[in-house]
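Spelled out, the chains give:
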Amino acid sequence: MTHPELSIGRFENSFAQLPDGFFVRQNPTPVSEPVLLAFNTELADELGLDTSGLTRGELATIFSGNAVPLGAEPLAAAYAGHQFGNFVPQLGDGRAILLGEVRDRAGRLRDIQLKGSGPTPFSRRGDGRSALGPVLREYLISEAMHVLGVPSTRALAAVLSGDRVLREGYKQGAVMTRVASSHIRVGSFQYFAARDDQASIQRLMGYVIGRLYPEAQHSESPALALLQAVIEQQAKLIAHWMMIGFVHGVMNTDNMALSGETIDFGPCAFMEAYNPDIVFSSIDQFGRYAYGRQPGIAQWNLARLAEALLPLIDPDEKKSVELASAAISDFAPIYHELWLDGMRAKLGLFQKEEDDRALIGAFLDGLQRTETDFTLAFRRLGERDLGASASPFLGLVKHDAALIDWLDGYRARLMRDGGDDQARFAAMQKVNPIYIPRNHQVEAALSAAIDEGDLGPFKALHGILAHPFEEKAEFEAYSLPSQSSERVYQTFCGT
Ligand code: AMP
Ligand code: MG
């Protein structure tokens, strides 16, 4: 089924060389009329792909799944997962197909996967397809995450399929091409653990170590070293999310990648007014995946990974449990330090002080009381003279005596911190974005594309989000929080 004329580069297919039980070979199912909506030429270049000689039509043919590029060995991977706390022993790629891996310019293997490219043996009752809205949403948000400095899967292409998909009514179908350091998830290990298939866990572990954490190979217990490395990457990832107000929305164990990249942009959203309890997902009734719960959930998910690795950590079961438990307990202090460091940077603090936690906590409490926009609060704090009565920060917040007192304490802390104010403010504005994908802006861009076939707002938003730290007067509207009339309270999985 490979298409001899269409080549995009050299595929390596290392995952396809794993034993049969890891995946099912599956070609994409062709679509009626593929039209290329977006193609990430910079990413294609980073991947060392050779797509410059291809027409838009040929790119649409490849990235809709209508032709398998030369050398690719498409497959659907098996995985399990805890969804909202309930274990499902078989999920798998129900609407995603891995074309294979390519080696990028930095020498790293990267997965190229189509999403929405037709049914697979893991589709269950699903149609294997994606609707246009979620595809454009993932394209925008995953690329925005990347430029915000957050590890994330990337968006290579979005193609309109020309077919309809049935969701809440009929929608236009589309195919998304995403790129990941690997799509292996916590749920990939759980799949074999649920079958008590230790040989496969061992094999999967070897693959992940070889590809993502080669240094773990030389450890006394590679399984423990892998667990510790993943814990550290996840702690970094969640700290990053918390710094930018990102709410993932479906932190199921099948949506947690071993690479430490953000994966699966379903009902995710960015918080506006600071509120640790905020939830956007329409299906998250109990707030399991609220903004403030994300670190705890990450630790819970990592404990599920530890359980799957347990038999490989140490031959002595008791010792294995002790080592794994200690590693999982370490998540909290590791995360906490990263969170503190991140918040210090957001506040422009170069030195560490004992009371920083309390200082940060009081600031966040103040934002919550005054329902202040999280993103703008930090951005405005890093602007000009804090002592001036016309401080940009105070111009943003509702009157709050405690917050004004807090500012005095903060100024005193900055004095003790020393250093040059100019440098401090410049450093703050490099970590405090002015543009984030605000939900109402994202929805407006998607509506124009879906209802009017107008990609203009999508492209404009994409362009602005590509430079999140550079404020430009003409883009002011994109920096502002939603008015209550345009506020987005819920996002839908809309798969
Ligand atoms: P997600 O919510 O996207 O993380 O998906 C959870 C599981 O449901 C995965 O096994 C997906 O492959 C599967 N799934 C989601 N949407 C579809 C669909 N439209 N067709 C088939 N499988 C799907
Ligand atoms: Mg998923």
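Since we're looking at a predicted model, the values are computed, not measured.

A.B. asks: Explain the domain arrangement of the protein chain residue by residue, including any values.
C.D. replies: Along its sequence, the protein chain is organised into domain 1 (2-180) and domain 2 (186-339). Relative to domain 2, the C-alpha centre of domain 1 lies at a distance of 23 Å. Taken together, the contact between domain 1 and domain 2 spans 37 residues of the former and 39 residues of the latter. In terms of surface lost to domain 2, no three residues of domain 1 exceed Phe 22, His 82 and Phe 84, which account for 23% of the buried area on that side. Across the domain 1-domain 2 interface, the total number found is three salt bridges. With its nearest N and O atoms 3.8 Å apart, the salt bridge here joins Asp 264 to Arg 178. Applying the counting rule to domain 1 against domain 2 returns 15 residue pairs in polar contact (both at pLDDT 80 or more). For the side of domain 1 that touches domain 2, the secondary-structure elements that each account for two or more residues are strand S4 (81-83), strand S7 (109-115), helix H3 (132-147) and strand S10 (169-180). Here the element with the most residues in the side of domain 1 that touches domain 2 is H3; it accounts for five residues.

A.B. asks: Account for the coordination of the magnesium ion (ligand 2), with residues named and values stated.
C.D. replies: Coordination of the magnesium ion (ligand 2) by the protein is provided by Asn 255 (OD1) and Asp 264 (OD), with metal-donor distances spanning 2.0 to 2.2 Å. Overall, Asn 255 belongs to the buried group, its relative accessible area being 10%.

A.B. asks: So what's going on with the environment of Pro 214? Residues and values would help.
C.D. replies: Mapped onto the fold, Pro 214 is located in the loop between helix H5 (198-211) and helix H6 (222-244). Classification of Pro 214 as partly exposed rests on a relative accessible area of 44%. Between the C-alpha atom of Pro 214 and that of Val 135, which follows or precedes it by 79 residues, the distance is 33 Å.

A.B. asks: Give a detailed account of the packing of helix H4 (residues 186-194) against helix H7 (residues 294-313), specifying residues and quantitative values.
C.D. replies: Taken N-terminus to C-terminus, the directions of H4 and H7 make an angle of 40°; their axes are 9 Å apart at the nearest point. The angle between H4 and H7 falls in the class oblique. Where H4 crosses over H7, the handedness of that crossing is left-handed. Residues Val 186, Phe 189, Gln 190 and Ala 193 of H4 touch H7, and the partners they reach there are Asn 301, Arg 304, Leu 305, Ala 308 and Leu 309. Residue composition of the contact of H4 with H7, by class: six nonpolar, two polar and one charged.

Reading the values: the criteria
Residues numbered from 1 in each chain as written. Chains lettered and ligands numbered in written order. Predicted model: local features only at pLDDT ≥ 70, side-chain atom pairs only at ≥ 80, totals over all residues. Heavy atoms only, no water. Domains from an automatic or database assignment. Contact = heavy atoms within 4.5 Å. Buried area = accessible area lost by both parts, 1.4 Å probe. Salt bridge = Lys/Arg side-chain N within 4 Å of Asp/Glu carboxyl O. Polar contact = N/O pair within 3.5 Å; in protein donor to acceptor, adjacent residues only side chain to side chain. Helix = DSSP H or I, 4+ residues; strand = E, 2+ residues; numbered from the N terminus. Donors = N, O, S within 2.8 Å, 3.2 Å for Na, K, Ca; no water. Buried < 20%, exposed > 50% of the residue type's maximum accessible area, 1.4 Å probe, protein only. Axes fitted to C-alpha atoms, helices over the stretch in contact; angles between N-to-C directions. Parallel < 35°, antiparallel > 145°, perpendicular 65-115°, else oblique. Left-handed = near helix turned anticlockwise from the far one by under 90°. Nonpolar A, V, L, I, M, F, W, Y, C, P; charged D, E, K, R; others polar.

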